[in-house]
Amino acid sequence: MGTLTTKSKRNGKPNDESSVPASQNEAWPTDDAALLERASKVMPGGVSSPVRAFRTVGGTPVFVASAEGPWLIAQDGRRYIDYICGYGPHILGHRHPAVVQAVVDAAQRGTTFGTPTREEIELAELIRSEMPHLEMVRLVNSGTEAAMSALRLARAATGRDKFIKFAGHYHGHADSFLVAAGSGAQTLGVPTSPGVPADLASHTLVAPFNDLEAVAQLFADHGGEIACIAVEPIAGNMGMVLPQPGFLAGLRQLCDDHGALLLFDEVMTGFRVARGGAQSLFGVVPDLTALGKVIGGGLPIAAYGGKAHLMAQIAPSGPVYQAGTLSGNPIAVAAGLAALRELIRDGGAAFQRLEELGQRLENGLRQVVQQRQVSCQIQRRGGMLGFVLSSDPILRLEDVDASDRDLFNRLFHHLLRSGVHLPPSPYEAFFFSIAHEEEIIDRTVEAFGAAFRAAAEDDPESPSTTP
Ligand code: PLP
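What you see is a predicted model; the values in this text were computed from it and never measured.

Visitor: An account of the overall build of the protein is needed here, citing residue identities and associated values.
Guide: Within the protein one finds 14 helices and 16 strands. Radius of gyration (C-alpha) of the protein: 23 Å, near the 23 Å computed for a compact globule of 467 residues. Within the protein, the fraction of its 467 residues that count as buried is 53%. Relative to all contacts within the protein whose residues are 6 or more apart in sequence, the contacts with residues 24 or more apart total 70%. Accessible area for the protein stands at about 20300 Å²; split by element, carbon and sulfur atoms hold 52% of it.

The structure is reproduced here in structure tokens:
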């Protein structure tokens, strides 16, 4: 705004077209490839977050202009049934009227205050009433912040530096979490990304998901040094992978035995796999929980919380520092409140509806893969579905690594051409919403059938299979 004013004054023509940035006047290219090329000149990879660039599946991402219910509407007018749902937040579908109205109303009251508001209390109380283990909550702006801050708290509360994470689990891009397994559970973490100090990464211990013995061994070797276990209770960043019976309870026990804390990262699963998140499904109580995505209704908000005596250590009530200029932003809080209220009203009918629709999608996809004689492992809870092209059970990251990723890529592009937009990676779960009504689900299942037929006719070696 400052630039515009200065320019206008200099030109002496405050309201003429010369005061409008050039990009608003010129004709935009309509094809995605031209847009990507232009974007790539000013943004790394042409995107604001890596998976959007289609590097895993190849081809060009769809530039979206708007969305509605279960639909993404591209800038060239094509419509896609959306199984990304903003990577999780849109459990009510895009542009739910209650959320949109709340955003408009909040914006009219002010965009940010830097002061406490009544609505933050309402959101924190609502989260606590649905997830009672979050006795106190701190609002932040992203899942990355939530997980990072919860880890800092766990380290501070225990006075220990090391922690355990699982290979293939994603907790945002804070340095300590950007660490993958070497070979086997005993490996001290090595950074996944340049820029993460090796010294810091050495405090991150990595185990395979669903491997309690490996975790027990890490405790045997480093017990007195481990602050917490950070886990996605249902893994959602290596496809979707359920915990094996007893796994989460085993983690709880190991933490208790060794004075460590249990941190559930429910940024993805919170209010998506069930009303009370994954922690309501398995009877295991974490000490700390990270939330995001659904609790913001599509706006940037996340939270971490847990036992009151732990959360009391966060500044200003305690010494563990964590702050944010836009934390508890009134527009984001309003959107989150509206979304959660919509989800839980009428006794949580939305979750029942989500379950019906999810079951229909799951059944349909199971039927398709059976008919096409494709090896596929489907796992689902609530509005999240894992679809891994493999004949083996999917328990840990290597199982997804060993899946038929080439077939996934071909399937992805056939589906995209027929108007179904999956997440562009076999490592992402499919997300859907209560706006994905029966007709939408049935169209999806039909499109999968056709896509499998077309993929079978492709020559897998041909570069044209990933346009
Ligand atoms: N934790 C989990 C389980 C996630 O899936 C994600 C993002 O997908 C994050 C944390 C990071 O959240 P954000 O992208 O909002 O920083």
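Visitor: Residues and numbers for the sheet that holds strand β8 (residues 204-207), please.
Guide: Reading across from one edge, β4-β12-β11-β10-β9-β5-β8 is the order of the seven strands in this open sheet, with mixed pairing throughout. Lying at the two open borders of the sheet, with one neighbouring strand each, are β4 (136-140) and β8. In this sheet, neighbouring strand axes are inclined to one another by 20° on average, regardless of whether the strands run parallel or antiparallel. Inspection of the sheet shows strand β5 (residues 162-166) paired to β8 by four bridges, in the parallel sense. Bridge pairing in β8 links Phe163 to Thr204. Against the sheet, helix α8 (residues 212-222) makes contact with β5, β8 and β9 (226-231), and its axis sits at roughly 150° relative to β8, the strand it touches most.

Visitor: Which residues make up helix α14 (residues 438-457), and what are the values?
Guide: With 20 residues, α14 ought to run about 28 Å at 1.5 Å a step, and its terminal C-alpha atoms sit 29 Å apart, in line with that. When we look at burial in α14, the residues that qualify are Ile440, Ile441, Thr444, Val445, Ala447, Phe448, Gly449, Ala451, Phe452 and Ala455.

Visitor: Requested: an account of the packing of aromatic side chains, with residues and values cited.
Guide: The geometry of two aromatic rings is summed up by the distance between their centres and the angle between their planes. Scanning the model with the defined rule gives 11 aromatic pairs in all. Ring centres of Phe54 and Phe412 lie 5.2 Å apart, and the angle between their planes is 80°; this geometry places the pair in the edge-to-face category. Here Phe54 is found in the loop between α3 (32-42) and β1 (64-68), whereas its partner Phe412 is found in helix α13 (residues 405-417), with 358 residues between them in sequence. The exposure class assigned to Phe54 is buried, which follows from its relative accessible area of 3%. Among the aromatic residues, ring-to-ring pairing joins Phe387, Phe430, Phe448 and Phe452 into one connected group. The ring of Trp28 is capped by Arg38, whose NZ or CZ atom sits 4.0 Å from the centre of that ring. In this arrangement the basic side chain of Arg79 is found over the ring face of Trp71, its NZ or CZ atom lying 4.9 Å from the centre.

Visitor: Residue-level account of the nonpolar core, with values.
Guide: Grouped together as the largest cluster of nonpolar side chains are 70 residues, with contacts concentrated most on Tyr83, Leu340, Leu343, Phe387, Leu422, Phe448 and Phe452. Broken down by element, this core gets its largest block of residues, 19 residues, from helix α11 (residues 330-371). With 35 residues, the next largest nonpolar core counts Ala207, Phe209, Leu218 and Phe247 among its residues.

Visitor: I'd like to hear about the pattern of salt bridges, residue by residue, with values.
Guide: Pairs can form between side chains of opposite charge once their charged atoms are near each other. Tallied over the full model, the rule gives 19 salt bridges. With a closest N to O distance of 2.5 Å, Arg275 and Glu130 form a salt bridge. Here Arg275, found in the loop between β10 (261-266) and β11 (288-291), pairs with Glu130, found in helix α5 (residues 118-130); they are 145 residues apart in sequence, far enough to count as distant. Residue class for Arg275 comes out partly exposed when judged on its relative accessible area of 30%.

Visitor: Just give me the short version of the pairing of strand β13 (residues 377-381), but keep the residues and values in it.
Guide: Of the pairings in the sheet, the one linking β13 to strand β14 (residues 384-388) comprises five bridges and is antiparallel in character. Considered in β14, the bridge of Ile378 is made with Phe387. The antiparallel hairpin formed by β13 and β14 contains two residues in its connecting segment, where Gly382 sits at a positive phi of about 50°.

Visitor: Which residues make up the sheet that holds β13, and what are the values?
Guide: The strand order across the open sheet built from three strands is β13-β14-β16, with neighbouring strands paired in antiparallel fashion. Unpaired on one side and paired on the other, β13 and β16 (430-431) mark the two borders of the sheet. Alignment of β14 against β16, held across two bridges, turns out to be antiparallel. Within the sheet, the bridge partner assigned to Leu385 lies in β16 and is Phe430. On top of the sheet, α11 reaches β13 and β14; it is set at about 175° to β13, its chief contact.

Visitor: For the packing of α5 against α11, give the residues involved together with the corresponding values.
Guide: Two elements in contact, α5 and α11, have axes whose closest approach is 10 Å; the angle formed by their N-to-C orientations is 35°. The way α5 lies across α11 gives a crossing that is left-handed. Residue-level inspection shows Glu119, Glu120, Glu122, Leu123, Leu126, Ile127 and Glu130 of α5 in contact with α11, the latter providing Val333, Gly336, Leu337, Leu340, Arg341 and Ile344. Among the residues forming the contact of α5 with α11, the class breakdown is seven nonpolar, one polar and five charged.

Cut-offs and rules
Residues numbered from 1 in each chain as written. Predicted model: local features only at pLDDT ≥ 70, side-chain atom pairs only at ≥ 80, totals over all residues. Heavy atoms only, no water. Helix = DSSP H or I, 4+ residues; strand = E, 2+ residues; numbered from the N terminus. Rg over C-alpha atoms; globule rule 2.2 N^0.38 Å. Buried < 20%, exposed > 50% of the residue type's maximum accessible area, 1.4 Å probe, protein only. Contact = heavy atoms within 4.5 Å. Areas by Shrake-Rupley, 256 points an atom, 1.4 Å probe, with all protein chains shown as cover. Pairing = 2+ DSSP bridges. Axes fitted to C-alpha atoms, helices over the stretch in contact; angles between N-to-C directions. Expected span 1.5 Å × (residues − 1). Phe/Tyr/Trp six-rings, centres within 6.5 Å; stacked < 30°, edge-to-face > 60°. Lys NZ or Arg CZ within 6 Å of the ring centre and 35° of its normal. Core = buried A, V, L, I, M, F, W, Y, C linked by side-chain atoms within 4.5 Å. Salt bridge = Lys/Arg side-chain N within 4 Å of Asp/Glu carboxyl O. Left-handed = near helix turned anticlockwise from the far one by under 90°. Nonpolar A, V, L, I, M, F, W, Y, C, P; charged D, E, K, R; others polar.

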